[in-house]
Amino acid sequence: MGEHNADVVIIGASHAGSEFASRLRQGGFSDSVALLGAEPYLPYHRPPLSKAFLAGETTADQLLLRSAEAYGKALIDFFPSTTVDFIEPATRSLSLANGDRFYYRKLVIATGGRPRRLGIPGAELQGLHIMRSIADVDALRPAFKPGARLVIAGGGYIGLEVAAVAVKSGLDVEIVEFAPRVLARVAGPELSAYYEAAHRAAGVKFRLGVGVESFEPDTSNPGHVGGVRCADGTVLPADLVLVAVGLVPNIELAQDAGLSIGNGIVVDEFCQTSDPDILAIGDCTEHPLPFLGGKRVRLESVPNAVEQARVAASVLNGAPKPYNLVPWFWSDQYNLKLQSVGLSQGHDAVVVRPPRSPEGFVAFYLRDGHMIAADCVNSIIEFNVAKRLVTEKTQVDAAALADPAVNLKSLIPAA
Ligand code: FAD
């Protein structure tokens, strides 16, 4: 049993953890820093997993956030394939799965999340896949072949992105979504309809408003999935299945250590948990969002992971700067680049502006006449203006927004 120690120890070597370590050094931190990650890889970008990486347009090396040399140069001790089993706040130490103990002065939890599983009959069958890591894509690849029948449970961003790559790769694709429309959790009905139409035009089939009841075994290949039974009794034949029904935050370590837990590890605007020596960042946290007047949220996005990494580094460098991000997000499907800003939940009006290009789409979401969110597809100019209007929650004239003859920039109030 070995013993290690570092002034700052980070659990989770992905976007939040890697960005935090790097920003800590950039801010002048000169004590020891250790980055511990369960995966065998250097920290990498996850967004391309369901896009260019799955399509075979990018290699695993090209996904890396930083090179091995960059960590070495910054004196960040990286421990791959290192799983933390327990945090012991009383002794400020961690038990590792390999039996070692790691002592810290300050701890940063950046454990992210894992795909939600469906606890239904047949969930143990082979041929069921998830999409969170390089290993998940590697496991999917052998079956990801032209002509294969892919059923995707879940019509969120990851399900749709995989569908786009799959149908372009010649697979037969059907999406089963419990809600009556795709992207129901994150977007307005107009954007859902736009994406559903784009996917249908590419050949993707949909079963909306119906849940998945069970995975059926393949009678000619025991132990392997052969179909997906929907709640209406239909059985969709499947050679492989992707389960893309959301994320479960990895909070167990924090919970067992007695930290406050809500819909994630509870932190304040400085990424501080209920233990003064422990911060938490990224997809695993629930934090107050100034944009929503301090309402607590858990966000699953790279911009959020990067912002919390910045905040936590500022705290440990002795110059705390609170969380200050207006949420934004992107998604790539076919040749459609979506950029979203703000959060549309709670809007009372949607203004769809005629796009400049035939494949574009622009929707602005208003509440009490103020812009709170926008979804822009292939519309970078509109997105850039929307960012300004959403950040300031600017009061806007809906008729002017909808009128393509009105220059959107003219709606930005003079400074
Ligand atoms: P994670 O990336 O989940 O990393 C957590 C790390 O902690 C993992 O490596 C895990 O192995 C490790 N870990 C967990 N527990 C332990 C433990 N006990 N011991 C050691 N290590 C542990 N975001 C966007 O903004 N735009 C997109 O287009 C987009 N597309 C996406 C597509 C896919 C397929 C996926 C999966 C995600 C996508 N995201 C996208 C989300 C984005 O990747 C996440 O928000 C981001 O990765 C969060 O980073 P994180 O470091 O908080 O958590």
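Residues numbered from 1 in each chain as written. Predicted model: local features only at pLDDT ≥ 70, side-chain atom pairs only at ≥ 80, totals over all residues. Heavy atoms only, no water.

*Asks:* Explain the layout of surface pockets to me, please; I cannot follow it from the model alone.
*Replies:* Empty space among the atoms becomes apparent when a probe as large as a water molecule is rolled across them. Of the pockets and cavities examined, the second largest pocket occupies roughly 190 Å³. Forming the boundary of the second largest pocket are Lys51, Ala52, Ala55, Glu57, Ala164, Val165, Lys168, Ser169, Asp332, Gln333 and Tyr334. Elements represented by at least two residues in the lining of the second largest pocket include exactly helix H5 (157-168) and strand E22 (328-333). A per-class count over the lining of the second largest pocket returns 5 nonpolar, 2 polar and 4 charged. Lining the lining of the second largest pocket are residues from two domains, each supplying at least three of them: domain 1 (3-114 + 248-316) and domain 2 (117-245). (1 Å grid on protein atoms, 1.4 Å probe; cavity = no way out; pocket = protein on both sides within 12 Å on 5 of 7 lines; lining within 4 Å. Points joined across faces, edges and corners; volume = space filled by probe spheres on them. Helix = DSSP H or I, 4+ residues; strand = E, 2+ residues; numbered from the N terminus. Nonpolar A, V, L, I, M, F, W, Y, C, P; charged D, E, K, R; others polar. Domains from an automatic or database assignment.)

*Asks:* Even after reading the chapter, I still don't get the sheet that holds strand E21 (residues 295-297), so can you show me in this structure?
*Replies:* Read from one edge of the open sheet, 4 strands run E17-E18-E20-E21, paired in mixed fashion. The sheet is open, and its two borders are formed by strand E17 (261-262) and E21, each paired with just one other strand. Where strand E18 (residues 264-266) lies against strand E20 (residues 285-289), 2 bridges are found, and the strand directions are parallel. Within E20, the residue paired with Val266 across the bridge is Glu286. (Pairing = 2+ DSSP bridges.)

*Asks:* Is there a simple way to think about the packing of helix H1 (residues 15-26) against helix H8 (residues 302-316) in this case?
*Replies:* Each pair of packed helices can be summarised by the angle the axes make with each other and by the distance between the axes. Closest axis-to-axis distance for the H1/H8 pair is 8 Å, and the angle between their directions is 35 degrees. In the crossing of H1 with H8, the sense of the turn from one axis to the other is right-handed. Touching His15, Ala16, Glu19, Phe20, Arg23 and Leu24 of H1 are Val302, Ala305, Val306, Ala309, Arg310, Ala312, Ala313 and Leu316, all from H8. Looking at the contact of H1 with H8 residue by residue, the classes come out as 10 nonpolar, 1 polar and 3 charged. (Axes fitted to C-alpha atoms, helices over the stretch in contact; angles between N-to-C directions. Left-handed = near helix turned anticlockwise from the far one by under 90°. Contact = heavy atoms within 4.5 Å.)

*Asks:* Is there a simple way to think about empty space enclosed by the protein in this case?
*Replies:* Following the criterion strictly, the structure yields 1 cavity of 30 Å³ or more and no others. Of the volumes computed, that of the largest cavity is approximately 40 Å³. If you trace the largest cavity, you find it lined by Phe291, Leu292, Leu343, Gln345, Arg367, Ile372 and Lys393. Each residue belonging to the lining of the largest cavity can be placed in one class, and the counts come to 4 nonpolar, 1 polar and 2 charged.

*Asks:* How should I be thinking about the side chain of Arg46 in this particular structure?
*Replies:* Following the sequence through the fold, Arg46 ends up in the loop between strand E2 (33-36) and helix H2 (60-63). In terms of polar contacts, Arg46 uses its side chain to reach the side chain of Ser14, at 3.3 Å. Of the polar contacts made by the side chain of Arg46, one reaches the backbone oxygen of Arg132; its length is 2.7 Å. Beyond its immediate sequence surroundings of up to four residues, Arg46 is in contact with Ser14, Glu39, Arg132 and Ser133. (Polar contact = N/O pair within 3.5 Å; in protein donor to acceptor, adjacent residues only side chain to side chain.)

*Asks:* So what exactly am I meant to see when it comes to the site of the ligand here?
*Replies:* Near the ligand, the surroundings consist of 32 residues, among which Ser14, Glu39, Arg46, Lys51 and Arg132 are the closest. Contact distances for the ligand include 3.1 Å between a nitrogen atom and a backbone N or O atom of Ala38. Between the ligand and Gly113, the relevant distance is 3.4 Å, taken from an oxygen atom to a main-chain nitrogen or oxygen of the residue. In isolation the ligand exposes 1,000 Å². Once the protein is present, 93% of that is buried. Among the secondary structure elements, those contributing two or more residues to the shell around the ligand are H1, H8 and E22. In terms of residue class, the shell around the ligand is made up of 13 nonpolar, 13 polar and 6 charged. Summarising the domain contributions, the shell around the ligand has at least three residues from each of domain 1 (3-114 + 248-316) and domain 2 (117-245). (Near = heavy atom within 4 Å. Areas by Shrake-Rupley, 256 points an atom, 1.4 Å probe, with all protein chains shown as cover.)

*Asks:* Mind showing me how you'd approach the pattern of salt bridges here?
*Replies:* Side chains that differ in sign of charge can pair as their charged atoms come close. One pass over the structure, following the stated rule, counts 21 salt bridges. Between Arg114 and Glu252 there is a salt bridge; the shortest N-O distance is 2.7 Å. A residue pair is termed long-range when its members are at least 10 positions apart, and Arg114 in strand E7 (residues 113-115) and Glu252 in helix H7 (residues 252-256) qualify at 138 residues. Among the residues examined, Arg114 registers a relative accessible area of 34% and is labelled partly exposed. On the basis of relative accessibility, which here comes to 33%, the residue Glu252 falls in the partly exposed class. Asp172 is the partner of Lys205 in a salt bridge, and the nearest nitrogen-oxygen pair spans 3.2 Å. Of this pair, Lys205 sits in strand E11 (residues 205-208) while Asp172 is found in strand E10 (residues 172-177), placing the two residues 33 residues apart along the sequence. Look at Asp172 and you get partly exposed, because its relative accessible area is 32%. Shared partners join several salt bridges into a network, and the residues in it are Asp7, Asp31 and Arg105. (Salt bridge = Lys/Arg side-chain N within 4 Å of Asp/Glu carboxyl O. Buried < 20%, exposed > 50% of the residue type's maximum accessible area, 1.4 Å probe, protein only.)

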